[in-house]
Every structure is written in structure tokens, then in C-alpha cells.
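Tertiary structure, described
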Amino acid sequence: VAQDKPLVGMAAAAVANTHGHRSPKGRCVINPDMPLRVLWDLIGFLSIIYESILLPLHFFNIPGSPTMHGIELFTSVFWTIDLPINFITAYTDSTGRIEGNPTKIA
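Anyway, here's the lowdown on the structure attached to this text. Counting restarts for each chain: residues are numbered from 1 in the order of the written sequence. In view of the model being predicted, local features appear only for residues whose pLDDT reaches at least 70, and side-chain atom pairs are presented and counted only at 80 or more, with totals across whole chains, interfaces and linings using the full set of residues. Water and hydrogen atoms were dropped before computing side-chain values, which therefore reflect all heavy atoms in the structure.

1. Some thoughts on the packing of helix H2 (residues 35-54) against helix H3 (residues 66-86)
Every axis in this analysis is a line fitted to C-alpha atoms, fitted for helices over the stretch in contact. Angles between the N-to-C directions lie between 0 and 180 degrees. Going along the chain from the N terminus, every DSSP run of H or I of four or more residues is numbered as a helix, and every run of E of two or more is numbered as a strand. Direction vectors running N to C along H2 and H3 enclose 130°, while the axes themselves pass 10 Å from each other. One element, H2, and the other, H3, form an angle in the oblique class. Once H2 is placed against H3, the crossing between them reads as left-handed. Residues Arg37, Trp40, Ile43, Gly44, Ser47, Ile48, Tyr50, Glu51 and Leu54 of H2 form the contact with H3, whose participating residues are Met68, Ile71, Glu72, Phe74, Thr75, Phe78, Trp79, Ile81, Asp82, Ile85 and Asn86. Should an angle fall under 35 degrees it is taken as roughly parallel, and over 145 as roughly antiparallel, whereas 65 to 115 is taken as roughly perpendicular and any remaining angle as oblique. What makes a crossing left-handed is the near helix being turned counterclockwise from the far one by less than a right angle; a clockwise turn instead makes it right-handed. Contact criterion: two residues are considered in contact whenever any of their non-hydrogen atoms come within 4.5 Å of each other.

Shown next as C-alpha cells:
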């Protein structure tokens, strides 16, 4: 796996885990540069834009459509899942290294 940034702590173990090695103590830390994690963050960004536009409209009692209700349900479920995922996602520290130590992440 080619990385632009050096991995430290358990983020390195999570990458090593893709090569058939077990991460220490069976824990898994998500690399923040993984394409799936970047996509997850993009969905979060779009959800924030959607909510920031439509939330003020609720004060005007504009009737919602089934599509709007579906999107609101999706965003509620998304943010409910996003919170615990953030507790297992590594981060980039001030030196540019990815920190994967679970005690530092949380």
C-alpha cells in the first residue's frame, strides 16, 4: 500500500491488516485517507448543506414530500452511525502523520 503520510500507532496496524496481519488486540482503526472514508465525509458534507438549507424552511410549515422525508430519515441514520465511526477513525496530527492510537482518537 503506497501512502503519502507515514502511519503511526494502530493506523499502521490497520493497513498491515489488509496484508493478512492481525492488528494489535484485534482492534481496527479506519485510515482517514481511505476512499470509502473520504466518500463518507463527502456524504456528511452534503447532508450538512441539505440540513442548513431545509431546516430553516420548517419554520414556515412548508409541506414535505415523501422524498424529503426519506432524505431526513437518511440523514438522521447517517449522523447516528457517524458518531461511533469517528471514534475508530485515525486523524492527521500537527506533524502530518496519521495518528491511530485509540486513546488519542477518542
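2. Focus: the packing of aromatic side chains
Planes of paired rings set the category: under 30 degrees apart is stacked, over 60 is edge-to-face and the rest tilted, where pairs are Phe, Tyr or Trp rings (Trp by its six-membered ring) whose centres lie within 6.5 Å. One pass over the full model with this rule turns up three aromatic pairs. Taken together, a centroid distance of 4.8 Å and an interplanar angle of 80° make the contact between Phe78 and Trp79 edge-to-face. Each residue is assigned to one of three classes by its accessible area relative to the maximum for its type, calculated with a 1.4 Å probe on protein chains only: buried under 20%, partly exposed between the two thresholds, exposed over 50%. When its relative accessible area of 34% is taken as the criterion, Trp79 is described as partly exposed. An aromatic cluster is defined as three or more aromatic residues linked by ring pairs; in this entry it consists of Trp40, Phe74, Phe78 and Trp79.

3. Notes on H2
Between its terminal C-alpha atoms H2 stretches 29 Å, which fits the 28 Å expected from 20 residues at 1.5 Å a residue. Residues Arg37, Gly44, Ser47, Tyr50 and Leu54 constitute the buried set of H2. For H2, the angular spread of buried residues about the axis comes to 135°, placing them on one side. Facing away from the buried surface of H2 by more than 90 degrees, the exposed residues are Pro35 and Ile53. By definition here, a helix of n residues has an expected span of 1.5 Å times n minus one. The arc in question is the one spanned by the directions pointing from the helix axis to the C-beta atoms.

Note that all results are geometric; they support no functional claim without further evidence.
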